[in-house]
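Structural overview
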Amino acid sequence: SDLAGTWKNILSQSPDFILLQDSAIFLQENPNEKYPFELNGDSLTFHFPKFNYTFKVSYFPGDSIHLMNEMTSSTFLRIK
């Protein structure tokens, strides 16, 4: 996937998450835990044990992603 890599919020001092082929690791939570995710069109859904989070994603190839939902809007830069 083009989204695979390590991502940092433009407001963060350290990396926020790693996207693998089919799972995500949230580095500021539990870096040993992987959570499945799926990308359908412009919707990115993270599947946690008790809930799911879905964001509209805008991807700028090789550079950044922008995640939006009804509560938040964040831009992440690829660092690896």
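Residues numbered from 1 in each chain as written. Predicted model: local features only at pLDDT ≥ 70, side-chain atom pairs only at ≥ 80, totals over all residues. Heavy atoms only, no water.

Side note on the pairing of strand 3 (residues 23–26)
Along strand 3, one buried face is formed by Ser23 and Ile25 and the opposite face, lined by Ala24 and Phe26, is buried too. With antiparallel pairing between neighbouring strands as the criterion, strand 2 (residues 17–19) and strand 3 make up a hairpin whose turn holds three residues. Where strand 3 and strand 4 (residues 35–40) come together, two bridges link them in antiparallel fashion. For alanine 24, the partnering residue across the bridge sits in strand 4 and is tyrosine 35. (Buried < 20%, exposed > 50% of the residue type's maximum accessible area, 1.4 Å probe, protein only. Helix = DSSP H or I, 4+ residues; strand = E, 2+ residues; numbered from the N terminus. Pairing = 2+ DSSP bridges.)

Thoughts on the packing of aromatic side chains
Per the counting criterion, the structure on display carries 13 aromatic pairs. With a centroid separation of 6.3 Å and an interplanar angle of 90°, the aromatic rings of phenylalanine 48 and tyrosine 53 are classed as edge-to-face. The exposure class assigned to tyrosine 53 is partly exposed, which follows from its relative accessible area of 34%. Ring pairs connect the aromatic residues Phe17, Phe26, Tyr35, Phe37, Phe46, Phe48, Phe51, Tyr53, Phe55 and Phe76, which therefore count as one cluster. (Phe/Tyr/Trp six-rings, centres within 6.5 Å; stacked < 30°, edge-to-face > 60°.)

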